Amino acid sequence: QLAYATGGENPDEVKKPYNYEMIQVRPNWHDSTELLGYETRISGETEYVLTDFLRFLAKAWYFEETPFFLCLDEMNLAPVEQYFAEYLSVLETRKLNNGRIISDSLLPPLNNYGKKGNTWVGDIMMNDLFGREWKINGKSVEKNKEREARLREQFRTEGIALPPNLIVMGTVNMDETTFSFSRKVLDRAMTIEMNKVDFSGGLTKKDCRVAPIASEIILPNAVEAMDVYEANQIICDHVISYLTEINGTLEGTPFKVAYRTRNEFILYVLANLQYEGNDVCYRIIRALDEMTLMKVLSRIEGDKNKLMNLKQTGCVLDDLATQIKQ
């Protein structure tokens, strides 16, 4: 629904929005080849097997002004740290450069793969990435040759990096058949628990539709707190003070948060200030509550012994509850 709302397509007419892709994770994914493809010489010549993930990245680069949503279905059927390792690493390289968000490459320059006969393997790959028909509202897209040529040259010489408009989501079920998430993964994600059941909801189209959303509301314009601190110092300092108290409560435990969490807390709070209907104080408090749920509480796990905090009053969760209410 977010893809429909930002891509301008009608869900009654288009089965799947052009800016949405769902990839089913399988239990045998123990490396990144199912997402990033792989080089093969089984035919005697160099070839590269592409994937739907890479094709979606190329499309996202082409439609850079539109949010693109990738959903990894049942993403913890396999160890995320193994099949998504490159993405998790490259995610850390993002930075704001002259108003644009850039990152290192997921795939190296495509010229690196040499030739198959008299044709560059990289050119064969790009013919696959850009040669397919793209449709919006059921009509074929007449591609901008200049934009495509620019992207081909970018992929050929620099590789395929993370599109700044890519939003990755994953669905998970936590049971004995799935893998748990390490704090390395949780630190890079927003954890949204969906345990509430409303049997009377979702029965009409109106319940399931999201109103049109301008792309600039969703697309990021900053990566780190440094990008926004000077223009919003008072609010940022309030967030920093809150996190300092949180870490004080978590002192002596393995659950303390660090700079990545600080950055995301600040960006999230500032993003929520744009919504109207309540005063600024309420919006800040609500954003802090939501981020505490998504970024702090998701890190806390273990038995009674692990949750005991002898440097405080006792249980970590009790101490946090007391601190947050204040």
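Up top you'll find the structure we're talking about.
Quantities reported herein were computed from a predicted structural model and do not represent experimental measurements.

Asker: Please give an account of the environment of N98 that cites residues and values.
Answerer: Along the polypeptide, N98 turns up in the loop between β5 (95-97) and β6 (100-102). With relative accessibility at 77%, the residue N98 sits in the exposed group. A polar contact is formed between the side chain of N98 and the side chain of N97, at a distance of 3.5 Å.

Asker: I'd like a rundown of the packing of aromatic side chains, residues and numbers included.
Answerer: Working definition: an aromatic ring pair is given by the centre-to-centre distance plus the angle between the planes. Evaluated as defined, the whole model comprises 14 aromatic pairs. With centroids separated by 5.2 Å and ring planes inclined at 50°, the aromatic side chains of F56 and F68 adopt a geometry described as tilted. With F56 in helix α3 (residues 52-62) and F68 in strand β4 (residues 68-73), this pair connects stretches of sequence that are 12 residues apart. The same class applies to F56 and to F68, which are both buried. Ring centres 5.7 Å apart and planes at 50° place the aromatic pair F63 and W134 in the tilted group. With a gap of 71 residues between them, F63 in the loop between α3 and β4 and W134 in the loop between α6 (121-131) and β10 (135-136) connect regions that are remote in the sequence. With a relative accessible area of 10%, F63 lands in the buried category. Given the relative accessible area of 7%, W134 is considered buried. One aromatic cluster is present, built from ring pairs that chain together Y18, F56, Y62, F63, F68, F130, W134 and F155.

Asker: Explain the pattern of salt bridges to me, using residue names and the numbers behind them.
Answerer: All chains considered together, the criterion is met by 23 salt bridges. Linking E148 and R152 is a salt bridge whose minimum nitrogen-to-oxygen distance equals 3.0 Å. Of the two residues, E148 and R152 both sit in helix α7 (residues 145-158), four residues apart, roughly one turn of that helix. Taking the relative accessible area as the measure of exposure, E148 reaches 15% and is therefore buried. For R152, a relative accessible area of 17% gives the class buried. In this structure, the salt-bridge partner of E264 is K295, at a minimum N-O distance of 2.8 Å. With E264 in helix α12 (residues 259-272) and K295 in helix α13 (residues 280-296), the pair connects residues that are 31 residues apart, well separated along the chain. On the accessibility criterion, E264 (19% relative accessible area) is buried.

Basis of the calculations
The residue numbering used here restarts from 1 in each chain and proceeds along that chain's sequence as written. Where totals are concerned, whole chains, interfaces and linings use all residues; where local detail is concerned, this predicted model gives features only for residues with pLDDT of at least 70, and gives and counts side-chain atom pairs only at 80 or more. To get the side-chain values, all heavy atoms of the structure are used, and hydrogens and water are removed first. Secondary structure elements follow DSSP: runs of H or I no shorter than four residues count as helices, runs of E no shorter than two count as strands, and numbering proceeds from the N terminus. The cut-offs for exposure are 20% and 50% of the maximum accessible area for each residue type, with area from a 1.4 Å probe on protein chains only; residues under the lower value are buried, those over the upper are exposed, and the others partly exposed. Within 3.5 Å is the distance limit for a polar contact, defined as a pair of N or O atoms, with the added protein rule that one can donate a hydrogen and the other accept it, and that residues adjacent in sequence qualify only through two side-chain atoms. To pair, rings of Phe, Tyr and Trp, with the six-membered ring standing in for Trp, must have centres within 6.5 Å; the planes then decide the type, stacked if under 30 degrees apart, edge-to-face if over 60, and tilted in the middle. By definition, a salt bridge exists where a carboxyl oxygen of Asp or Glu is found within 4 Å of a side-chain nitrogen of Lys or Arg.

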